[in-house]
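An overview of the molecular structure
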Amino acid sequence: EDGQLNVFDLCMMKRELISQMQFDDTPVLFIDDYRISESPNGWKGESYERVITADGNRYSSPLCRCVFSSLEEHLNHIKSEGEKEEYISFKDEVVLRMISDFSKNASKYKDSKMINLKFGVEDYGQTKLSVLYKDENGNMQSLELYRFGEESAWLDNAEVQEFVKLLIEKEYIPDSDFLAYMLSNSEQPEISSDMFKLKSRYIEYGLGDTTVELNLRAFELPESCYVEEVNLYDDENHFIGTMSPCMDADIWDYLVDCHFTEECQKTFYTLTTIRCGETALPEPVRSECTVYFRNTPAP
(Lines give C-alpha, C1' and ligand atoms only; values in the text may rest on other atoms or scores of the structure.)
Protein backbone atom coordinates (compact mmCIF):
# COMPACT_ATOMS: atom_id res chain seq x y z
CA GLU A 1 0.00 0.00 0.00
CA ASP A 2 2.84 2.41 0.83
CA GLY A 3 4.86 1.38 -2.21
CA GLN A 4 7.55 -0.15 0.00
CA LEU A 5 8.56 -3.81 -0.10
CA ASN A 6 8.45 -5.60 3.24
CA VAL A 7 9.29 -9.09 4.41
CA PHE A 8 5.78 -10.32 3.61
CA ASP A 9 6.01 -9.00 0.04
CA LEU A 10 9.37 -10.70 -0.46
CA CYS A 11 8.03 -14.01 0.87
CA MET A 12 5.06 -13.85 -1.51
CA MET A 13 7.35 -13.04 -4.44
CA LYS A 14 9.60 -15.97 -3.53
CA ARG A 15 6.62 -18.31 -3.27
CA GLU A 16 5.32 -17.16 -6.65
CA LEU A 17 8.72 -17.69 -8.23
CA ILE A 18 9.04 -21.20 -6.75
CA SER A 19 5.55 -22.11 -7.98
CA GLN A 20 6.36 -20.97 -11.49
CA MET A 21 9.55 -23.02 -11.46
CA GLN A 22 7.68 -26.13 -10.31
CA PHE A 23 4.89 -25.89 -12.92
CA ASP A 24 5.99 -25.57 -16.55
CA ASP A 25 4.02 -25.47 -19.80
CA THR A 26 3.78 -29.26 -20.19
CA PRO A 27 0.30 -30.21 -21.50
CA VAL A 28 -1.60 -32.18 -18.86
CA LEU A 29 -5.28 -32.01 -19.86
CA PHE A 30 -7.07 -31.94 -23.20
CA ILE A 31 -10.69 -30.89 -23.77
CA ASP A 32 -12.45 -31.69 -27.04
CA ASP A 33 -15.42 -29.32 -27.01
CA TYR A 34 -18.15 -29.56 -29.64
CA ARG A 35 -21.15 -27.30 -29.00
CA ILE A 36 -24.50 -27.00 -30.75
CA SER A 37 -26.13 -23.58 -30.55
CA GLU A 38 -29.00 -21.74 -32.19
CA SER A 39 -28.25 -19.09 -34.81
CA PRO A 40 -30.37 -16.90 -37.11
CA ASN A 41 -29.89 -19.58 -39.78
CA GLY A 42 -30.82 -22.48 -37.50
CA TRP A 43 -28.72 -24.81 -35.38
CA LYS A 44 -24.96 -24.84 -35.86
CA GLY A 45 -22.06 -26.75 -34.35
CA GLU A 46 -18.67 -25.37 -33.30
CA SER A 47 -15.65 -27.46 -32.38
CA TYR A 48 -12.81 -26.24 -30.19
CA GLU A 49 -9.76 -28.00 -28.85
CA ARG A 50 -8.38 -26.86 -25.52
CA VAL A 51 -5.08 -27.72 -23.86
CA ILE A 52 -4.42 -27.06 -20.18
CA THR A 53 -0.76 -26.96 -19.16
CA ALA A 54 0.86 -27.74 -15.83
CA ASP A 55 1.29 -24.01 -15.07
CA GLY A 56 -2.48 -23.48 -15.26
CA ASN A 57 -2.73 -21.85 -18.68
CA ARG A 58 -5.37 -22.86 -21.19
CA TYR A 59 -4.95 -22.68 -24.95
CA SER A 60 -8.11 -22.73 -27.08
CA SER A 61 -8.20 -23.18 -30.83
CA PRO A 62 -10.90 -24.02 -33.41
CA LEU A 63 -10.69 -27.63 -34.57
CA CYS A 64 -8.10 -27.94 -37.30
CA ARG A 65 -8.70 -30.56 -39.99
CA CYS A 66 -4.97 -31.12 -40.13
CA VAL A 67 -2.78 -34.20 -40.30
CA PHE A 68 -0.24 -34.35 -37.48
CA SER A 69 2.65 -36.77 -37.21
CA SER A 70 2.18 -37.17 -33.46
CA LEU A 71 -0.01 -36.12 -30.57
CA GLU A 72 2.78 -33.86 -29.35
CA GLU A 73 2.80 -32.01 -32.68
CA HIS A 74 -0.98 -31.63 -32.44
CA LEU A 75 -0.74 -30.17 -28.93
CA ASN A 76 2.06 -27.80 -29.93
CA HIS A 77 -0.13 -26.57 -32.81
CA ILE A 78 -2.93 -25.72 -30.38
CA LYS A 79 -0.49 -23.93 -28.07
CA SER A 80 1.05 -21.89 -30.88
CA GLU A 81 -2.17 -21.04 -32.73
CA GLY A 82 -4.66 -20.96 -29.87
CA GLU A 83 -5.80 -18.18 -27.57
CA LYS A 84 -3.94 -18.26 -24.27
CA GLU A 85 -5.50 -17.43 -20.91
CA GLU A 86 -4.72 -18.05 -17.26
CA TYR A 87 -7.19 -20.78 -16.40
CA ILE A 88 -6.01 -22.17 -13.06
CA SER A 89 -4.35 -19.57 -10.86
CA PHE A 90 -1.15 -20.21 -8.90
CA LYS A 91 -3.30 -19.36 -5.89
CA ASP A 92 -4.90 -22.76 -6.46
CA GLU A 93 -1.53 -24.47 -6.19
CA VAL A 94 -3.00 -27.58 -4.55
CA VAL A 95 -5.16 -28.25 -7.63
CA LEU A 96 -2.24 -27.59 -9.99
CA ARG A 97 -0.12 -30.08 -8.08
CA MET A 98 -2.92 -32.70 -8.10
CA ILE A 99 -3.37 -32.32 -11.87
CA SER A 100 0.36 -32.67 -12.50
CA ASP A 101 0.64 -35.70 -10.23
CA PHE A 102 -2.41 -37.28 -11.87
CA SER A 103 -0.88 -36.74 -15.31
CA LYS A 104 2.44 -38.28 -14.29
CA ASN A 105 0.70 -41.43 -13.02
CA ALA A 106 -2.10 -41.66 -15.59
CA SER A 107 -0.68 -44.72 -17.35
CA LYS A 108 -1.98 -46.94 -14.54
CA TYR A 109 -5.56 -46.16 -15.61
CA LYS A 110 -5.12 -47.01 -19.30
CA ASP A 111 -6.75 -50.45 -18.97
CA SER A 112 -9.89 -49.09 -17.29
CA LYS A 113 -13.13 -49.16 -19.32
CA MET A 114 -15.63 -46.39 -19.91
CA ILE A 115 -19.06 -46.89 -18.29
CA ASN A 116 -22.21 -44.99 -19.17
CA LEU A 117 -23.82 -42.55 -16.80
CA LYS A 118 -27.59 -42.48 -16.73
CA PHE A 119 -28.03 -38.96 -18.02
CA GLY A 120 -27.47 -37.01 -21.21
CA VAL A 121 -28.55 -33.79 -22.86
CA GLU A 122 -29.93 -33.64 -26.40
CA ASP A 123 -28.82 -30.84 -28.73
CA TYR A 124 -25.87 -30.02 -26.48
CA GLY A 125 -22.98 -31.45 -28.44
CA GLN A 126 -20.16 -33.33 -26.75
CA THR A 127 -17.42 -32.39 -24.29
CA LYS A 128 -14.60 -34.87 -23.75
CA LEU A 129 -11.93 -34.56 -21.06
CA SER A 130 -8.66 -36.46 -21.45
CA VAL A 131 -5.49 -36.60 -19.39
CA LEU A 132 -2.15 -36.29 -21.18
CA TYR A 133 0.82 -38.35 -20.10
CA LYS A 134 4.04 -39.85 -21.40
CA ASP A 135 4.41 -43.59 -21.82
CA GLU A 136 7.45 -45.71 -20.99
CA ASN A 137 9.06 -44.64 -24.27
CA GLY A 138 8.59 -40.95 -23.57
CA ASN A 139 5.81 -40.53 -26.16
CA MET A 140 2.83 -38.31 -25.34
CA GLN A 141 -0.43 -40.25 -24.92
CA SER A 142 -4.04 -39.26 -24.33
CA LEU A 143 -6.54 -41.10 -22.11
CA GLU A 144 -10.19 -40.12 -22.10
CA LEU A 145 -11.55 -39.72 -18.57
CA TYR A 146 -15.00 -38.33 -19.07
CA ARG A 147 -17.51 -37.27 -21.73
CA PHE A 148 -20.73 -35.30 -21.48
CA GLY A 149 -23.49 -34.58 -23.99
CA GLU A 150 -26.13 -36.77 -25.61
CA GLU A 151 -24.03 -39.62 -24.22
CA SER A 152 -22.34 -39.29 -20.83
CA ALA A 153 -19.71 -41.67 -19.49
CA TRP A 154 -16.52 -41.88 -17.45
CA LEU A 155 -13.80 -44.36 -16.63
CA ASP A 156 -14.81 -47.16 -14.29
CA ASN A 157 -12.19 -46.26 -11.68
CA ALA A 158 -12.82 -44.62 -8.29
CA GLU A 159 -9.62 -42.52 -8.35
CA VAL A 160 -10.39 -41.17 -11.82
CA GLN A 161 -13.97 -40.37 -10.85
CA GLU A 162 -12.81 -38.48 -7.73
CA PHE A 163 -10.38 -36.51 -9.90
CA VAL A 164 -13.14 -35.59 -12.36
CA LYS A 165 -15.43 -34.58 -9.48
CA LEU A 166 -12.65 -32.31 -8.15
CA LEU A 167 -12.36 -30.53 -11.50
CA ILE A 168 -16.14 -30.13 -11.62
CA GLU A 169 -16.23 -28.83 -8.04
CA LYS A 170 -13.50 -26.29 -8.89
CA GLU A 171 -15.42 -25.37 -12.08
CA TYR A 172 -12.55 -26.28 -14.41
CA ILE A 173 -14.88 -28.30 -16.67
CA PRO A 174 -17.49 -26.52 -18.85
CA ASP A 175 -21.00 -26.37 -17.34
CA SER A 176 -19.69 -27.51 -13.94
CA ASP A 177 -22.79 -26.45 -11.97
CA PHE A 178 -25.07 -28.51 -14.20
CA LEU A 179 -22.70 -31.49 -14.18
CA ALA A 180 -22.42 -31.42 -10.39
CA TYR A 181 -26.22 -31.50 -10.15
CA MET A 182 -26.54 -34.37 -12.64
CA LEU A 183 -23.83 -36.44 -10.98
CA SER A 184 -25.33 -35.97 -7.53
CA ASN A 185 -28.62 -37.34 -8.85
CA SER A 186 -27.08 -40.22 -10.78
CA GLU A 187 -25.45 -42.09 -7.89
CA GLN A 188 -26.65 -45.68 -7.72
CA PRO A 189 -28.77 -46.40 -4.62
CA GLU A 190 -27.33 -48.97 -2.25
CA ILE A 191 -28.98 -52.37 -2.58
CA SER A 192 -28.21 -55.02 0.02
CA SER A 193 -29.06 -58.73 0.26
CA ASP A 194 -31.13 -57.91 3.37
CA MET A 195 -33.75 -56.42 1.06
CA PHE A 196 -34.60 -59.88 -0.29
CA LYS A 197 -35.68 -63.07 1.45
CA LEU A 198 -36.03 -66.46 -0.26
CA LYS A 199 -38.27 -68.85 1.67
CA SER A 200 -39.91 -72.25 1.26
CA ARG A 201 -43.49 -72.86 2.31
CA TYR A 202 -42.26 -75.83 4.37
CA ILE A 203 -38.85 -76.52 5.86
CA GLU A 204 -39.24 -80.29 5.41
CA TYR A 205 -40.71 -82.35 2.57
CA GLY A 206 -41.33 -86.08 2.18
CA LEU A 207 -39.38 -88.49 -0.02
CA GLY A 208 -40.44 -89.55 -3.51
CA ASP A 209 -42.14 -87.14 -5.83
CA THR A 210 -42.78 -83.82 -4.15
CA THR A 211 -43.07 -80.17 -5.04
CA VAL A 212 -41.12 -77.48 -3.21
CA GLU A 213 -42.92 -74.13 -3.06
CA LEU A 214 -40.48 -71.23 -3.06
CA ASN A 215 -41.14 -67.53 -2.93
CA LEU A 216 -38.91 -64.47 -2.91
CA ARG A 217 -40.01 -61.31 -1.17
CA ALA A 218 -38.47 -57.85 -1.63
CA PHE A 219 -38.38 -55.33 1.21
CA GLU A 220 -38.10 -51.52 0.96
CA LEU A 221 -36.44 -51.10 -2.41
CA PRO A 222 -35.45 -47.48 -3.21
CA GLU A 223 -38.21 -45.62 -5.02
CA SER A 224 -36.33 -45.44 -8.33
CA CYS A 225 -35.45 -49.16 -8.36
CA TYR A 226 -37.36 -52.26 -9.41
CA VAL A 227 -36.80 -55.96 -9.98
CA GLU A 228 -36.17 -56.77 -13.62
CA GLU A 229 -35.69 -60.55 -13.36
CA VAL A 230 -35.37 -63.31 -10.75
CA ASN A 231 -33.55 -66.49 -11.77
CA LEU A 232 -33.58 -69.62 -9.61
CA TYR A 233 -30.69 -72.11 -9.22
CA ASP A 234 -29.90 -75.19 -7.15
CA ASP A 235 -26.81 -75.82 -5.02
CA GLU A 236 -25.03 -77.37 -8.01
CA ASN A 237 -25.47 -74.07 -9.89
CA HIS A 238 -28.01 -75.58 -12.30
CA PHE A 239 -30.47 -73.05 -13.67
CA ILE A 240 -34.01 -74.10 -12.70
CA GLY A 241 -36.08 -71.28 -14.13
CA THR A 242 -37.22 -67.66 -13.91
CA MET A 243 -39.51 -66.91 -10.98
CA SER A 244 -42.89 -65.35 -11.74
CA PRO A 245 -44.25 -62.24 -9.99
CA CYS A 246 -47.33 -62.82 -7.86
CA MET A 247 -50.43 -60.68 -7.71
CA ASP A 248 -49.12 -59.23 -4.46
CA ALA A 249 -46.45 -56.59 -4.89
CA ASP A 250 -42.79 -57.54 -4.45
CA ILE A 251 -43.31 -61.33 -4.32
CA TRP A 252 -42.06 -63.91 -6.85
CA ASP A 253 -42.71 -67.65 -6.67
CA TYR A 254 -41.75 -70.96 -8.28
CA LEU A 255 -42.77 -74.61 -7.88
CA VAL A 256 -39.81 -77.00 -8.05
CA ASP A 257 -40.54 -80.66 -8.80
CA CYS A 258 -38.21 -82.91 -6.79
CA HIS A 259 -37.65 -86.65 -6.37
CA PHE A 260 -35.46 -88.01 -3.56
CA THR A 261 -35.40 -91.58 -2.23
CA GLU A 262 -33.02 -90.89 0.66
CA GLU A 263 -33.02 -88.24 3.34
CA CYS A 264 -31.00 -85.19 2.35
CA GLN A 265 -31.00 -81.42 2.25
CA LYS A 266 -31.12 -79.12 -0.76
CA THR A 267 -30.19 -75.44 -1.08
CA PHE A 268 -31.81 -73.16 -3.64
CA TYR A 269 -30.72 -69.64 -4.47
CA THR A 270 -31.89 -66.73 -6.57
CA LEU A 271 -29.99 -64.08 -8.53
CA THR A 272 -32.12 -60.96 -8.78
CA THR A 273 -31.38 -58.32 -11.41
CA ILE A 274 -32.16 -54.81 -10.17
CA ARG A 275 -32.69 -51.78 -12.37
CA CYS A 276 -32.58 -48.22 -11.01
CA GLY A 277 -33.91 -45.78 -13.55
CA GLU A 278 -32.39 -46.78 -16.89
CA THR A 279 -29.33 -48.48 -15.38
CA ALA A 280 -29.06 -52.10 -14.28
CA LEU A 281 -26.93 -52.73 -11.20
CA PRO A 282 -23.67 -54.42 -12.20
CA GLU A 283 -24.16 -57.43 -9.91
CA PRO A 284 -27.38 -59.37 -9.20
CA VAL A 285 -28.46 -59.83 -5.59
CA ARG A 286 -28.19 -63.37 -4.21
CA SER A 287 -30.65 -64.95 -1.75
CA GLU A 288 -30.83 -68.58 -0.67
CA CYS A 289 -32.71 -71.05 1.50
CA THR A 290 -32.28 -74.72 2.48
CA VAL A 291 -34.99 -77.38 2.69
CA TYR A 292 -34.87 -80.96 4.00
CA PHE A 293 -36.28 -84.21 2.64
CA ARG A 294 -37.29 -86.73 5.33
CA ASN A 295 -39.00 -90.11 5.64
CA THR A 296 -41.44 -88.47 7.99
CA PRO A 297 -41.43 -84.69 7.41
CA ALA A 298 -42.43 -82.36 10.20
CA PRO A 299 -46.07 -81.28 9.93
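We now turn to the structure provided with this report. Just so you know, these numbers come straight off a predicted model, no measurement behind them.

Analysis parameters
Residues numbered from 1 in each chain as written. Predicted model: local features only at pLDDT ≥ 70, side-chain atom pairs only at ≥ 80, totals over all residues. Heavy atoms only, no water. Helix = DSSP H or I, 4+ residues; strand = E, 2+ residues; numbered from the N terminus. Contact = heavy atoms within 4.5 Å. Areas by Shrake-Rupley, 256 points an atom, 1.4 Å probe, with all protein chains shown as cover. Phe/Tyr/Trp six-rings, centres within 6.5 Å; stacked < 30°, edge-to-face > 60°. Buried < 20%, exposed > 50% of the residue type's maximum accessible area, 1.4 Å probe, protein only. Disulfide = S-S within 2.5 Å. Salt bridge = Lys/Arg side-chain N within 4 Å of Asp/Glu carboxyl O. Expected span 1.5 Å × (residues − 1). Core = buried A, V, L, I, M, F, W, Y, C linked by side-chain atoms within 4.5 Å. Pairing = 2+ DSSP bridges.

1. Digging into the overall build of the protein chain
Within the protein chain one finds five helices and 18 strands. In the protein chain, once contacts between residues fewer than 6 apart in sequence are set aside, the share between residues at least 24 apart is 64%. Here the protein chain has roughly 18200 Å² of accessible surface; of this, 46% comes from carbon and sulfur atoms.

2. Some words on the packing of aromatic side chains
We describe a pair of aromatic rings using the distance from one ring centre to the other and the angle between the two ring planes. Enumeration according to the criterion identifies eight aromatic pairs in this entry. Geometrically, the ring pair formed by Phe102 and Phe163 is stacked, given 3.8 Å between the ring centres and 0 degrees between the ring planes. Of this pair, Phe102 sits in helix H3 (residues 93–104) while Phe163 is found in helix H4 (residues 158–169), placing the two residues 61 residues apart along the sequence. Residue Phe102 shares its accessibility class with Phe163, and that shared class is buried. With 4.4 Å between their ring centres and 40 degrees between their planes, Phe260 and Phe293 make a pair best called tilted. Of the two residues, Phe260 is situated in strand S15 (residues 251–260) and Phe293 in strand S18 (residues 285–294); the sequence distance between them amounts to 33 residues.

3. So, the state of the cysteines
Summed over all chains, the structure comprises one disulfide. At a sulfur-sulfur separation of 1.6 Å, the disulfide partner of Cys64 is Cys66. Looking at the unpaired Cys264, the closest cysteine sulfur is the one in Cys258, lying at 8.7 Å.

4. A closer look at the pattern of salt bridges
Applying the stated criterion to the full structure yields 14 salt bridges. In this structure, Glu162 and Lys165 form a salt bridge, with 3.8 Å as the shortest nitrogen-oxygen distance. Remark: Lys165 and Glu162 occur in helix H4; sequence separation between them is three residues, near one turn of the helix. Where Arg201 meets Glu213, a salt bridge forms, and the shortest distance between an N and an O atom there is 3.3 Å. Placement of Arg201 in the loop between strand S9 (196–200) and strand S10 (204–206) and of Glu213 in strand S11 (residues 208–218) is noted, with a sequence separation of 12 residues between them. One salt-bridge network, held together by shared partners, links Glu144, Arg147 and Glu151.

5. Considering H3
With 12 residues, H3 should reach 16 Å at 1.5 Å per residue; the first-to-last C-alpha distance of 16 Å fits that figure. All of the buried residues along H3 are Glu93, Val95, Leu96, Ile99, Ser100, Phe102 and Ser103.

6. Focus on the nonpolar core
Leu29, Ile99, Leu129, Leu145, Tyr146, Val164 and Leu167 are the most contacted members of the largest nonpolar core, which has 35 residues in total. Elements with a contribution of two residues or more to this core: strand S1 (27–39), H3, strand S6 (125–134), strand S7 (140–149), strand S8 (153–155), H4 and helix H5 (176–184). Every residue in contact with Val164, bar those within four places of it in the chain, is listed here: Leu145, Tyr146, Trp154 and Ile173.

7. Observations regarding the pairing of strand S12 (residues 225–234)
Here S12 lies mainly inside the structure; seven of its 10 residues are buried. Across three bridges, S12 lies against strand S13 (residues 239–242) in antiparallel orientation. What sits directly across from Leu232, in S13, is Gly241. In textbook terms, the turn of a hairpin is the stretch between consecutive antiparallel strands, and for S12 and S13 this stretch comprises four residues, one of which, Asn237, has a positive phi near 65 degrees.

Taken by themselves, the reported measurements are silent on function.
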